[in-house]
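Now for the letters of each chain:
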Amino acid sequence: MRKSILVAMESISRKITLRIGVFVYTLLCVGSFALANTNIDELKVQDLVQAERLGMGQQQHSMRKMDLSIFEQHYALGGDLFSDFIRFLFPISGREKRTIFLSTPYWGKKKPQYQKFDWSRYESDHFDFLAYPEASETLRKAITYFEEEYERNDRIFGVQHLFSKKIPVVLYHTRRDFEQTSIIDGPVPLGLGGLTEVVSWKRVTFPFEGELEKFEHVAKHEGTHVFQIAKNARRLPLWFIEGSAETNSVYWDSEAEMIIRDAYLNGFFYPISDLWQIQGSWLMYKIGNFITNVIWDEYG
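Keep in mind it's a predicted model, so treat the numbers as computed, not measured.

## What to know about the packing of aromatic side chains
At step 1: Inspection of the entire model under this criterion finds 23 aromatic pairs.
At step 2: Here the aromatic rings of Trp119 and Tyr132 are separated by 5.2 Å at their centres, their planes lie at 85°, and the arrangement is edge-to-face. Taken together, the residues span a long stretch of sequence, with Trp119 in the loop between α5 (81-89) and β1 (120-123) and Tyr132 in the loop between β2 (127-131) and α6 (136-157) at a distance of 13 residues.
At step 3: Its relative accessible area of 33% is what places Trp119 among the partly exposed residues.
At step 4: Residue classification places Tyr132 among the buried residues on the basis of a relative accessible area of 1%.
At step 5: With centroids separated by 6.1 Å and ring planes inclined at 45°, the aromatic side chains of Phe127 and Phe129 adopt a geometry described as tilted.
At step 6: The exposure class assigned to Phe129 is buried, which follows from its relative accessible area of 0%.
At step 7: Members of the aromatic cluster, joined through ring pairs, are Phe127, Phe129, Tyr145, Phe146, Tyr150, Phe157, Phe163, Phe206, Phe208, Phe215 and Phe227.

See below:
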């Protein structure tokens, strides 16, 4: 009898201990989840704003605010620490002089690599194009767009004498292919239609996304950046750099008209002093476009 009572008490004790353990574990999980959410909220409203203040002028990283909120887990995994370390050691040397004992794709978060591209080099009068067979049709268009704009951009910026070699342009045939590029560190933001390197090799890269009109727009926008960089425009605010590239490439279109009217009528047309709050967003591009159009029309 006594033995059976002891067995029963021991069984009850085990159940109570197990339930207490489960309860404590649940509390810890809930607490960790709440803390993580709090950290994410704080990241959104504080750290991102501060990071964009400090990162003004850095084209790649300042464009990622939207994507951080969409792909929080992916970005939380970290970026390319090795690349950042090399930039810290050699801030103005460019990739041509960086150590090559282990290339940057082996460090940090890995990009998906679906295929190997059969790259070929094609020279025009002022540009070196890199493309693969699938992109041959759009390559001819890209060469036309870049060369057509070269003389006009030179008249505007007056920097032709500063180009010591042909400008490399890396062309991707689809968005899926472009997202595999190693030219951009980390995941390629959804809103990024193309990129021109400020330092390093000063390469231009962008994809064809199915619309010739958009393809021409992006080609002329990135072509403008080539001349802006030669003019040392990277010292200017990002909204002006991107806005003037929009003005010089497309000037104005129905999409810009819709975005600006919507922003003005609904109270989120940011003045120049507050544009840092939307740094890198598409709204910043179009407000910058609107402002630089006014400057262009008034002062040429």
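So much for the structure itself; the text now carries on.
## Looking at unusual backbone geometry
At step 1: Unlike most non-glycine residues, Asn232 shows phi in positive territory, near 65°.
At step 2: With respect to the helices and strands, the residue Asn232 is situated in the loop between α8 (212-230) and α9 (238-249).
At step 3: Although it is not a glycine, Tyr251 sits at a positive phi angle of roughly 65°.
At step 4: Positionally, Tyr251 belongs in the loop between α9 and α10 (254-265).

## Here's the deal with the confidence of the model for the protein chain
At step 1: Per-residue pLDDT for the protein chain averages 75, and the proportion of residues at 70 or more is 62%.
At step 2: The model gives residues 30-43 a pLDDT under 50, and that stretch makes three contacts with residues more than four places away or in other chains.

## Some thoughts on the pairing of strand β5 (residues 204-207)
At step 1: Here β5 shows two buried faces, one formed by Val204 and Phe206 and the other by Thr205 and Pro207.
At step 2: Where strand β4 (residues 195-196) and β5 come together, two bridges link them in antiparallel fashion. By the bridge assignment for β5, Thr196 is matched with Val204.

Rules and cut-offs
- Residues numbered from 1 in each chain as written.
- Predicted model: local features only at pLDDT ≥ 70, side-chain atom pairs only at ≥ 80, totals over all residues.
- Heavy atoms only, no water.
- Phe/Tyr/Trp six-rings, centres within 6.5 Å; stacked < 30°, edge-to-face > 60°.
- Helix = DSSP H or I, 4+ residues; strand = E, 2+ residues; numbered from the N terminus.
- Buried < 20%, exposed > 50% of the residue type's maximum accessible area, 1.4 Å probe, protein only.
- pLDDT = per-residue confidence, 0-100.
- Contact = heavy atoms within 4.5 Å.
- Pairing = 2+ DSSP bridges.

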